[in-house]
Amino acid sequence: MKVKYKSELLFRKAFIPWYDTEPVMVLTLVFALVVLLFSITGVAAALDTNGYQEYIWVPGLLGILSLSITISTLIRLIRRGSP
C-alpha cells in the first residue's frame, strides 16, 4: 500500500456527486418547469369549475414547491458559471 503525503491529498481533483452535475441539474430544472406549468393549468381549471374551487390549494402548493425547486436550481447553475 502506497503512503500518501499531505501534498498529494491537497491537490486531488474534487469529487462531484452525480446529482450535482450540470446535466442532472438541467434535467431537474426542465421537470420543475413542466410541473410548474401543470400546476398553473390546475389552478386555472379549479377556478373555472365551481366544484373544484375549494381544492385550489393542491395545485397552488404544487406550484409553490415547483417554483422553489426552480429558483434553487437556477441559483446553483448561475453560481457555477454555467452558460
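Residues numbered from 1 in each chain as written. Predicted model: local features only at pLDDT ≥ 70, side-chain atom pairs only at ≥ 80, totals over all residues. Heavy atoms only, no water.

## Topic: the overall build of the protein
Phase 1 of the analysis: In terms of helices and strands, the protein carries three helices and zero strands.
Phase 2 of the analysis: For the protein, the succession of helices and strands along the chain, N to C, is α-α-α.
Phase 3 of the analysis: When burial is assessed residue by residue, the protein has 16% of its 83 residues classed as buried.
Phase 4 of the analysis: Counting only contacts in the protein whose residues sit at least 6 apart along the sequence, the fraction spanning at least 24 positions is 67%.
Phase 5 of the analysis: Total accessible area computed for the protein in this model is approximately 7200 Å², and 72% of it derives from carbon and sulfur atoms. (Helix = DSSP H or I, 4+ residues; strand = E, 2+ residues; numbered from the N terminus. Buried < 20%, exposed > 50% of the residue type's maximum accessible area, 1.4 Å probe, protein only. Contact = heavy atoms within 4.5 Å. Areas by Shrake-Rupley, 256 points an atom, 1.4 Å probe, with all protein chains shown as cover.)

## What to know about helix α3 (residues 57–80)
Phase 1 of the analysis: Taking 1.5 Å per residue as the helical rise, α3 with its 24 residues ought to reach 34 Å, and the 34 Å between its terminal C-alpha atoms agrees with that figure.
Phase 2 of the analysis: By the burial criterion, the buried members of α3 are Pro 59, Gly 63, Ser 66, Thr 70, Thr 73 and Leu 77.
Phase 3 of the analysis: Contact partners of the buried residues in α3: α2 (22–48).
Phase 4 of the analysis: Following α3 by one or two positions, Gly 81 has its phi on the positive side, about 90°. (Expected span 1.5 Å × (residues − 1).)

## Digging into the side chain of Thr 73
Phase 1 of the analysis: Relative to the helices and strands, Thr 73 is located in helix α3.
Phase 2 of the analysis: In contact with Thr 73, other than residues within four places in its own chain, are Met 25, Thr 28 and Leu 29.

## So, the side chain of Asp 20
Phase 1 of the analysis: Counting through the fold element by element, Asp 20 comes out in the loop between α1 (6–10) and α2.
Phase 2 of the analysis: Discounting chain neighbours no more than four positions away, the residues touching Asp 20 are Met 25, Arg 76 and Arg 80.

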